[in-house]
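# Examination of the molecular architecture
One letter stands for each residue in the lines below.
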Number of protein chains: 2
Amino acid sequence: MAAPDTRTRLILAAMKLFWEKGYGSTSVADVLQSARVNSGSLYHFFPGKQDLLLAVLDLYRDGIRRMLIEPAWRGVEDPLERVFALLARYRQSLADTECTYGCPIGSLALELHEPDLAVRERLAANFAAWTDAVHECLIAAGERLPRELDRRELAAFVLTGMEGGVMQARTYRDLSTFDGAVRQLRAYFDRLQREAIPPRALRARPPAPRRKERR
Amino acid sequence: MAAPDTRTRLILAAMKLFWEKGYGSTSVADVLQSARVNSGSLYHFFPGKQDLLLAVLDLYRDGIRRMLIEPAWRGVEDPLERVFALLARYRQSLADTECTYGCPIGSLALELHEPDLAVRERLAANFAAWTDAVHECLIAAGERLPRELDRRELAAFVLTGMEGGVMQARTYRDLSTFDGAVRQLRAYFDRLQREAIPPRALRARPPAPRRKERR
DNA sequence: TGCCGACTTGAACAAACACTCAAGTCGCGC
DNA sequence: GCGCGACTTGAGTGTTTGTTCAAGTCGGCA
């Protein structure tokens, strides 16, 4: 593992700090210190602090598959379980940090009230990439979900549930609302599946398709 | 309407600015200018900026019934429709501001990464008051929902859906994800209700709910 | 060897920040 | 009229902010 060059060191340091402290509360000096870089170098690579944020958001987006989604799906084949495996990953992140760090994109999305178009576009791209992954699962689930169900809308709703759950978990410093949100989401999925089962095949569907069953 | 005194003028100005720009991006000078107050007066009433935030959060909490929930429920008697009337109010707020201002509490909850206990407690109290209102509705719905349903958990899930929907609406600058989240939430509620209907009374439930009905 | 452009260094900058304070105004009880 | 405490005034505090820049290092190429 070669030592990362200055530019990526800056992006990685900014990524970490924006996640931990938010964008506004992270000073350029913080980033410089954490990356062990002088200010001149930063401004050699980036016109300003906001462009550093753009690079961070681009890195999130480019790495969302390899760093987030694929690890979450490893060992989970059932497409609907993959949706919940993704949520479990966020639960783990909350648990590891005593409910302080949740979804970096969501935090930034609500923190930034002055919405430079470039920033908003990248936030949206990150949300879209996340939603796409869930959407794939819902499509792969095929007829286990009602035919007339809007799968894209449901995928976005899963993101909604994750972000809202993370927000409450962080505020209460307690995982139980996050768990409750996941449980309600699962209850909804269960009902959708029950409804989608064609009557003649009722017996053919065991309660849990594969892997561990949890409620 | 008497002119508000200095203290409340400060709180109201801060409330507006924190909503529009967030806490970190609102300077004390902004508040002073907007409230037409000198800095000495502010520090006569409040030890510091954060205590101003505490006062704002207390005001939100104290006014949540009169200013938010009761207006949303006016003219809506059906308890389950009241849940969606509350969501409709947030939709209106997003629509009125071109999807820039959503839920002030949610924004603050994700913006503040350094979580002074006092601030977090008030954020939590605001969430709890909101959830309580929805909880009341779910209890008032009585047997229209499954008996074994955890009504408190579902109430928190409604908040989850609202906050997540607001977050995406703001990011995409588009109401459609918010609407989609509400639609999915309604689909879940519909299924819960359908399931709760005792079989012998199946014919007694018309598609559109009116006031509370006997089973 | 000499030169050039890519990159680094770190002091310096003005603006913005939250906050302080000595001086002053004002209404009210005596 | 007097004194006192509540409140106001606004210039001033020191610090932190994002950003600039002249000077320097260094590797590769002619």
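Note that the coordinates shown come from a computational prediction; the quantities given were computed from them, not determined experimentally.

Cut-offs applied
Residues numbered from 1 in each chain as written. Chains lettered and ligands numbered in written order. Predicted model: local features only at pLDDT ≥ 70, side-chain atom pairs only at ≥ 80, totals over all residues. Heavy atoms only, no water. Domains from an automatic or database assignment. Contact = heavy atoms within 4.5 Å. Buried area = accessible area lost by both parts, 1.4 Å probe. Helix = DSSP H or I, 4+ residues; strand = E, 2+ residues; numbered from the N terminus. Expected span 1.5 Å × (residues − 1). Buried < 20%, exposed > 50% of the residue type's maximum accessible area, 1.4 Å probe, protein only. Axes fitted to C-alpha atoms, helices over the stretch in contact; angles between N-to-C directions. Parallel < 35°, antiparallel > 145°, perpendicular 65-115°, else oblique. Left-handed = near helix turned anticlockwise from the far one by under 90°. Nonpolar A, V, L, I, M, F, W, Y, C, P; charged D, E, K, R; others polar. Polar contact = N/O pair within 3.5 Å; in protein donor to acceptor, adjacent residues only side chain to side chain. Near = heavy atom within 4 Å. Least-squares fit on C-alpha atoms with pLDDT ≥ 70 in both.

Moving on, we get to the domain arrangement of chain A. Residues and elements named next belong to chain A. Examined at the domain level, chain A breaks down into domain 1 (1–46) and domain 2 (57–199). Placing the centre of domain 1 and that of domain 2 at their C-alpha centroids yields a distance of 28 Å. Each partner contributes residues to the interface: domain 1 has nine residues there, and domain 2 has nine residues. In total, about 770 Å² of surface goes out of reach between domain 1 and domain 2, with carbon and sulfur atoms giving 74% of it.

Another point: helix H5 (residues 79–96) of chain A. Residues and elements named next belong to chain A. Here H5 spans 26 Å end to end across 18 residues, near enough to the 26 Å set by a 1.5 Å rise per residue. When we look at burial in H5, the residues that qualify are Pro-79, Leu-80, Glu-81, Val-83, Phe-84, Ala-85, Leu-86, Leu-87, Tyr-90, Ser-93 and Leu-94. In this fold, the buried residues of H5 make contact with helix H1 (6–21), helix H4 (49–73), helix H7 (117–140), helix H8 (151–172) and helix H9 (176–196). After H5 finishes, the residue Glu-98 shows a positive phi value of roughly 55°.

Looking now at the packing of helix H6 (residues 104–111) of chain A against helix H6 (residues 104–111) of chain B. It is the contact of H6 of chain A with H6 of chain B, at a shortest axis distance of 8 Å, that shows an interaxial angle of 125°. Between H6 of chain A and H6 of chain B, the interaxial angle falls into the category oblique. Between H6 of chain A and H6 of chain B lies a crossing of left-handed hand. Across from Gly-106, Ser-107, Leu-110 and Glu-111 of chain A in H6 of chain A, the residues of H6 of chain B making contact are Gly-106, Ser-107, Leu-110 and Glu-111 of chain B. Considered class by class, the residues forming the contact of H6 of chain A with H6 of chain B number two nonpolar, four polar and two charged.

Glancing now at helix H8 (residues 151–172) of chain B. Residues and elements named next belong to chain B. Between the first and last C-alpha of H8 there are 31 Å, a value that for 22 residues agrees with the 32 Å anticipated at 1.5 Å per step. Most of H8 is tucked away, with 20 of its 22 residues classed as buried. Where H8 begins, one side-chain oxygen reaches toward the backbone nitrogen of Arg-152, 3.1 Å away; that side chain belongs to Asp-150. One or two residues past the end of H8 sits Arg-173, with phi positive at roughly 50°.

In the vicinity of DNA strand C lie 15 residues, with Thr-6 and Asn-38 of chain A together with Val-28, Ser-39 and Lys-49 of chain B positioned nearest. Taking all atoms of DNA strand C within 4 Å of the protein, the share assigned to sugar and phosphate is 62%. For the surface near DNA strand C, the elements supplying multiple residues, two or more each, are helix H3 (39–45) of chain A together with helix H3 (39–45) of chain B. For the surface near DNA strand C, the element with the highest residue contribution is H3 of chain A, accounting for five residues. Classifying every residue of the surface near DNA strand C by side-chain character gives three nonpolar, eleven polar and one charged.

So, on to the protein's contact with DNA strand D. Among the 15 residues in the neighbourhood of DNA strand D, the closest are listed as Val-28, Ser-39 and Lys-49 of chain A together with Thr-6 and Asn-38 of chain B. The sugar-phosphate share of atoms of DNA strand D within 4 Å of the protein amounts to 64%. Within the backbone of Val-28 of chain A, an N or O atom sits 2.7 Å from a phosphate oxygen of DNA strand D. In the environment of DNA strand D, a phosphate oxygen lies 3.3 Å from a nitrogen or oxygen atom belonging to the side chain of His-44 of chain B. When contributions to the surface near DNA strand D are tallied by element, the ones reaching two or more residues are H3 of chain A together with H3 of chain B. Sort the elements by how many residues they give to the surface near DNA strand D and H3 of chain B lands first, with five residues.

For the pair chain A and chain B, the relating rotation is 180°, the translation along its axis is 0.0 Å, and the fit reaches an RMSD of 0.0 Å. The two molecules are tied by a two-fold rotation axis, judged by turn and shift. A share of 100% of the interface residues of chain A reappears at the interface of chain B, consistent with the copies meeting face to face through the same patch.

All names here are of chain B. Considering the arrangement of structural elements, one finds Glu-148 in the loop between helix H7 (117–140) and H8. For Glu-148, a relative accessible area of 63% corresponds to the exposed category. Residues Glu-148 and Arg-82, 66 residues apart in the sequence, show an inter-C-alpha distance of 22 Å.

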